[in-house]
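# Working through the structure, step by step
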Amino acid sequence: MAEGKAGSSGGAGRDGEPLHEREAELRSAARAVGALTRPAGTGVGELLLYTGAAGLGKTAMLTEVRRAAKRAGCTVLFARGGQRQCHESFHVVRQLVRPVLSALSDDERARVFGPWADVVGPAAGLLPPGGQLDPQGVRDGLDFVLTRLVQLRSPLAVLVDDLHWADPESLGWLAGFAVRARELPALLVLACRDEFPDDALALQRGLAERADRRHELRPLQPDSVAHLVRAALGAQAEDAFCRHVWAVTAGNPYETAALLREVADQRLDPVEESTGLLREIAATARGMTLRHWLDRLGPTTLRFAWAASVLDTDIRPELAAVICAQGPEAAAQSVRELRRHRVLTGTPAGRLEFVHPLVATSVYQSMPPATRTGMHGVAAVEIENAGLGLLAASRHLLEILPEGDGRIVAKLRLAAREHLAIGAPEAAQRCLRRAISEPPADEDRASLLYELGCSALLTDPATTVNQLRLALADPYGLGPGLRVDATFRLAQALAHSNRLGEAAALCAEEAALTGPGPGRLRLEVAHFMFATFQSEDADGPGRSRRLAEFHRMLDTVGLAFTDVDADAGVPGGAVFEHDGLAHAVAVLRCWDLTLRGADHASALALAESALPDGRLPRSLGWTNTTWGFELPGVLGLSYLYADRVDRAEELFTEAVRAYEVAGWSGGHLGFAYLLTGMLRFRCGALVEAEDYLRRALRSAVRIGPGNPLHWDAVGALAETLAARGRLEEALELAREHAFGPPFPTVMVLPDAPTLYGRLLLARGDAPGAAQVLTAAGAALDARGWRNTVWAPWLGHLARAVAGERPERARDLAEEGVRRARESRTDSGVGSALRLCAAVHGPARAVGLLTEAVQCLERSPARYEHALALVDLGTALERAPRARAVLAEGLELAVRCGADGLAARARALLDGGLGG
């Protein structure tokens, strides 16, 4: 049954039937294939989209493009969305890539997959599921694999029919790959109906907007319908009859073909006198009710058709036979009848498929509800028995009626874990919600809610919060280990939603209700961790003292527990190590001392105590879920602010590597890029810093607005752009991403209000900068945070008020120097001295800047060193050594990529300063 048929001028559709009125679309497809297959590797890719209502010829157009691409020597990847398989995760992706990837040699597969085999393999159906994967990591891995496949099998044509029924995981990947495909010799051809499901609407519209060529297929004109009528019924068909067929079908090619088959079956003469019967016949052909299918196929053949419709696309005949309880001979006869009646057709792989999605829908909807439910139940069992796995079976489990069956609950929970293991958390959540509605046994309900909450932790914090609250409130409750972990995961979700106060309070309240032991200690440590990251805390200094006492208690008393808590129950099979408590507290204490601006030697001693054998312990590993990524992150920052950039770089490099290997390329890898970018900035490698920070910002934007990573990446990138002399670009970035008040409560990275005040000052808004920096300084002082590297507000506020209140400016700047000397870091002292010099007269400034240069040349802060050299050269004015100092500053500024500073130094030298 052809979706669309057209005239002699147009190519051929399915089963060799001609395409009418599609000349422009066919020419467009020919141009796209021609552009793709240009000689000498100069082919270019594009996105071609066909849209229209059901039956207007989209499948026929894709069939013609597919044939043309094969004739031109393209590697063709083809997939079709399925109405009942839209909840089978990565269903479309597997259809696209599994045939060609599974046919590669071992060497070719190694080249194509690179480091992504363990990430992409499970989603592509080539490897069994492993540990939980990050959805963004799977999408990035698919991009990598398709890019390598293009290089190996260029040119590539990727065709997806019935995109409106694509599963969300595949659709999400396609939406991103459509952008990348333009850079490759890869043609992306999609076909979808005009009406979209709500959950896929945004992604499909986004794909439509990116299309290089979009063709909206229209109904056929009367002459084309007349051609079809005479081709089917004979040349004697009268004009009035042909015209009436067009009016009844509204020119829809599929409905026209269906009507003409019914007319032929009823042996109706194609004359004007017969037109009165056409509308009734068309209604029968269009409706295809149970009565219609029974009359046409008979009960035995219809049951096989029902089983096939339950399987949807790519039907295995032997599996359909088992579902409808037919033996081999009866099933073979059913297949013959369904092919004769043009309900099913064969595929090159020896499978079956419906000749048109509308036929599949009609057959499926003709099933009585009880039969439909029963067949889905049998399908779930038989698919699993056939070794096709729970991923394929789970969509059928979603269709059966709840009966309180514990076996169904267990299967759905296992299926959810497999969905998580291929990077499909939404599919996992569908399974778990269905399991809850079964319902489970009372004693299992809380743990199911816990699993549902944890499954959404990376993608949907709101769901995590709601489900974990329900799990904790469940009257049957969680086991002690799971309850502690559920509390911690809930606190994490709250913290990532900018609700740190709630997170800290939750851990404190639950710790008070938990008996002595490792669980209670873990909650107490978690309370300190989330409280430490708050920008506002009425008892900040007091909490700092209690953290110090807690750390001394652990050091003095130790932990009288076994090495591993078997009831920890953390997701993904991780174990909770008691030694991790001491390491975690040491990191928090180290970070607290760093923020307070204490002697860096004390902070470094704590940092080293958290790294047995100089490496992160397993409990603090970047991908370990016991504590999360924040603790190793602030450990690295503590090293960075203590001028131990070698140790910080080891940690941040390990973070990037760990997340890339694990396929965690969403927020986690973005955070690692952010930390690496900050390190590069601190070391004066501004070009590299900009690159990493842009990567972090891209990750943040992909996650969505309002996440802490987005805020921090924008602030750090704006600071870097300003340092590179691109102030207007920095200000535009801040405006574009609304970087400004109100500020978030999450404070791990450089103080946001201080950064914002410095941007205002650079823009020339000294009063605005003074207002912001004064408020920021008051909040930081109340919190007890005096680190002048993390938040150098004093020196910048001094510059902001210097014009109106010079004495006040000097007092502020001198206080900044005093605080910097408390930490005894060369970079901190040197930076504070440089800022202090800016508000003093020339004589005092030269002395301050001379000491600043001496401090900074011992530090890793090359950009700050370059600033101090240029400032010193400027302050020296006509002194003999001014030119030498400026030249040194210019050379260092160029090496740093600080183009604005280099231009300033060059202008001073060209102007004869120091000559």
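Quick summary incoming for the structure in this document.

## Examining the packing of helix H22 (residues 442-455) against helix H24 (residues 480-496)
Packing of H22 against H24 brings their axes to within 11 Å, and their N-to-C directions diverge by 30°. Here H22 lies roughly parallel to H24, going by the angle between them. Relative to H24, H22 is oriented so that their crossing is left-handed. Between H22 and H24, the contacting residues are Ser-447, Tyr-450 and Cys-454 on the first element and Leu-482, Asp-485, Ala-486 and Arg-489 on the second. For the contact of H22 with H24, the residue count by class is four nonpolar, one polar and two charged.

## Comments concerning empty space enclosed by the protein
According to the stated counting rule, one finds eight cavities of 30 Å³ or more in the structure shown. Empty space within the largest cavity amounts to approximately 130 Å³. In terms of lining residues, the largest cavity is bounded by 14 residues, among which Arg-80, Asp-312, Thr-313, Phe-354 and Pro-357 are the most central. Those elements that provide at least two residues to the lining of the largest cavity are strand E7 (352-354) and helix H17 (357-365).

## Thoughts on the packing of helix H37 (residues 766-783) against helix H38 (residues 793-801)
Running from N to C, H37 and H38 cross one another at 150°; their axes reach a closest spacing of 9 Å. Between H37 and H38, the angle is such that the two are roughly antiparallel. For the element pair H37 and H38, the recorded crossing hand is left-handed. Residues Ala-766, Ala-769, Ala-770, Leu-773, Thr-774, Gly-777, Leu-780 and Asp-781 of H37 pack against Trp-793, His-796, Leu-797, Ala-800 and Val-801 of H38.

## As for the sheet that holds strand E5 (residues 213-216)
Across the sheet, five strands lie side by side as E2-E3-E4-E1-E5; this open sheet has parallel pairing. Edge positions in the sheet fall to strand E2 (75-80) and E5, since each of these pairs with one other strand and no more. Geometrically, the sheet is characterised by an average inter-axis angle of 10° between neighbouring strands, direction not taken into account. With four bridges connecting them, strand E1 (residues 46-51) and E5 associate as parallel partners.

## Observations regarding the side chain of Ser-28
Within the secondary structure, Ser-28 is located in helix H1 (residues 23-36). Non-local contacts of Ser-28, meaning those with residues more than four positions away in its chain, are made with Leu-48, Arg-213 and His-215.

## Description of unusual backbone geometry
For the peptide bond that leads from Ser-154 to Pro-155, omega is -5°, which places it in the cis range. Relative to the assigned elements, Pro-155 resides in the loop between helix H6 (135-153) and strand E3 (156-161). Here Glu-438 and Pro-439 are connected by a cis peptide whose omega angle stands at -5°. For Pro-439, the location among the structural elements is in the loop between helix H21 (425-437) and H22. The phi dihedral of Arg-824 falls on the positive side, at around 60°, and the residue is not glycine. One can find Arg-824 in the loop between helix H39 (806-823) and helix H40 (826-837). Overall, the relative accessible area of 56% leaves Arg-824 in the exposed class.

## Looking at the pairing of E1
Two faces, one strand: in a regular strand the side chains alternate between the faces of the sheet. Most of E1 is tucked away, with six of its six residues classed as buried. In E1, alternate side chains face the same way, and those of Glu-46, Leu-48 and Tyr-50 on one face and Leu-47, Leu-49 and Thr-51 on the other are all buried. Pairing of E1 with strand E4 (residues 186-192), which is carried by six bridges, proceeds in the parallel orientation. Looking at the pairing, Leu-49 lines up with Leu-190 of E4.

## Digging into the packing of aromatic side chains
The tally for this structure, following the rule as stated, stands at 14 aromatic pairs. Between Phe-488 and Trp-627 the ring centres are 5.9 Å apart and the planes differ by 85°, which places this aromatic pair in the edge-to-face class. Of this pair, Phe-488 sits in helix H24 while Trp-627 is found in the loop between helix H29 (600-609) and helix H30 (630-641), placing the two residues 139 residues apart along the sequence. Like Phe-488, the residue Trp-627 is buried in the burial classification. Clustering of aromatic rings is evident, with ring pairs tying together Phe-488, Phe-530 and Trp-627. Above the plane of the ring of Phe-78 lies Arg-66, whose end atom (NZ or CZ) is 4.0 Å from the centre.

Reading the values: the criteria
- Residues numbered from 1 in each chain as written.
- Predicted model: local features only at pLDDT ≥ 70, side-chain atom pairs only at ≥ 80, totals over all residues.
- Heavy atoms only, no water.
- Axes fitted to C-alpha atoms, helices over the stretch in contact; angles between N-to-C directions.
- Helix = DSSP H or I, 4+ residues; strand = E, 2+ residues; numbered from the N terminus.
- Parallel < 35°, antiparallel > 145°, perpendicular 65-115°, else oblique.
- Left-handed = near helix turned anticlockwise from the far one by under 90°.
- Contact = heavy atoms within 4.5 Å.
- Nonpolar A, V, L, I, M, F, W, Y, C, P; charged D, E, K, R; others polar.
- 1 Å grid on protein atoms, 1.4 Å probe; cavity = no way out; pocket = protein on both sides within 12 Å on 5 of 7 lines; lining within 4 Å.
- Points joined across faces, edges and corners; volume = space filled by probe spheres on them.
- Pairing = 2+ DSSP bridges.
- Buried < 20%, exposed > 50% of the residue type's maximum accessible area, 1.4 Å probe, protein only.
- Phe/Tyr/Trp six-rings, centres within 6.5 Å; stacked < 30°, edge-to-face > 60°.
- Lys NZ or Arg CZ within 6 Å of the ring centre and 35° of its normal.

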